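If you want the building blocks of each chain, they are given just below.
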Amino acid sequence: MKNLPLTATDIDTLFDLSESYMVPTHQDHVVRKGLVLYNTVNRVMALEEAEKMEESLSKAGFETMMKEWTTTFSLRQEFMDELKDCIDKLSLLLVCIMSHGRVGRIAGAENTEIPISDIIELLDNILPKKVPLVSASQE
């Protein structure tokens, strides 16, 4: 019997049986999505930075979407819009939120702010449990 790479369905089936997250080394069946969500409020080079990130993710094999957001409400909406059609097929999701902020909060236009923990909770609620949630921020 030939060893075939694990599909997203295989990983989903095995998820509860293993303490480790499995990413197949042969990645034909792995769906990698990258979201580059950038804000231009008080960020002169924001578009150029976002384009570099999108290019890097594309080179790494991610299906990448780049979108500008302004208010924290629109940021939440971008997550929902971009993930609704692919949520069940995801194997790996990399989200890059580019904005200013302070003390664990991301700043948007019109003095809107959102705690990073709210974004993590939003993703935790909409992502399949088989996709591990790891966060990192740079302040």
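Residues numbered from 1 in each chain as written. Predicted model: local features only at pLDDT ≥ 70, side-chain atom pairs only at ≥ 80, totals over all residues. Heavy atoms only, no water.

Undergrad: Let's hear about the overall build of the protein chain: which residues, and what values?
TA: Of the regular secondary structure elements, the protein chain holds four helices and six strands. Along the chain direction, N to C, the helices and strands of the protein chain fall in the order α-β-α-β-α-β-β-β-β-α. The buried share among the 139 residues of the protein chain stands at 33%. Long-range pairs, those at least 24 residues apart, make up 65% of the contacts in the protein chain between residues at least 6 apart in sequence. In the structure as shown, the protein chain presents an accessible area of about 9,100 Å², 51% of it carried by carbon and sulfur atoms. (Helix = DSSP H or I, 4+ residues; strand = E, 2+ residues; numbered from the N terminus. Buried < 20%, exposed > 50% of the residue type's maximum accessible area, 1.4 Å probe, protein only. Contact = heavy atoms within 4.5 Å. Areas by Shrake-Rupley, 256 points an atom, 1.4 Å probe, with all protein chains shown as cover.)

Undergrad: Break down the sheet that holds strand S2 (residues 63-68) for me, with residues and values.
TA: Across the sheet, three strands lie side by side as S2-S1-S3; this open sheet has parallel pairing. Two strands in the sheet have a free side with no partner beyond their single neighbour: S2 and strand S3 (92-98). When the angles between neighbouring strand axes are averaged without regard to direction, this sheet yields 10 degrees. Inspection of the sheet shows strand S1 (residues 32-38) paired to S2 by six bridges, in the parallel sense. Looking at the pairing, leucine 37 lines up with lysine 67 of S2. Against the sheet, helix H2 (residues 46-59) engages S1, S2 and S3, with an angle of about 175 degrees to S1. (Pairing = 2+ DSSP bridges. Axes fitted to C-alpha atoms, helices over the stretch in contact; angles between N-to-C directions.)

Undergrad: If you had to explain the nonpolar core to someone new, which residues and values would you point to?
TA: Among the nonpolar cores identified, the biggest contains 16 residues, and Leu75, Phe79, Leu83, Leu90, Leu93, Ile119 and Leu123 are the most heavily contacted of them. Excluding residues within four positions of it along the chain, leucine 75 makes contact with Leu37, Trp69, Ile97, Ile114 and Ile119. (Core = buried A, V, L, I, M, F, W, Y, C linked by side-chain atoms within 4.5 Å.)

Undergrad: Describe unusual backbone geometry, listing the residues and the values that go with them.
TA: In terms of backbone geometry, most residues other than glycine have negative phi values and most peptide bonds are trans. The phi angle at valine 103 is positive, at roughly 45 degrees, despite the residue not being glycine. Mapped onto the elements of the fold, valine 103 is located in the loop between strand S4 (101-102) and strand S5 (105-107). When its relative accessible area of 73% is taken as the criterion, valine 103 is described as exposed. Even without being glycine, glutamate 110 reaches a positive phi, approximately 60 degrees. Examined against the element boundaries, glutamate 110 turns out to sit in the loop between S5 and strand S6 (113-115).

Undergrad: Could you give an account of the pairing of S1, naming the residues involved and the relevant values?
TA: Of all seven residues that make up S1, six are buried, and the element is covered over most of its length. The pairing of S1 with S3 spans seven bridges and is classified as parallel. Pairing of valine 36 across the sheet is with cysteine 96, part of S3. Between S1 and its parallel partner S2, the chain crosses via H2, and the hand of that crossover is right-handed. (Right-handed = clockwise from strand over helix to strand, strands pointing away.)

Undergrad: Lay out the pattern of salt bridges with the relevant residues and their values.
TA: It is possible for side chains of opposite charge to pair when their charged atoms get near one another. Evaluated as defined, the whole model comprises eight salt bridges. Glutamate 113 is paired through a salt bridge with arginine 105; the nearest N and O atoms lie 2.9 Å apart. Its relative accessible area of 26% is what places glutamate 113 among the partly exposed residues. The network of salt bridges with shared partners includes Lys67, Glu78 and Glu82. (Salt bridge = Lys/Arg side-chain N within 4 Å of Asp/Glu carboxyl O.)

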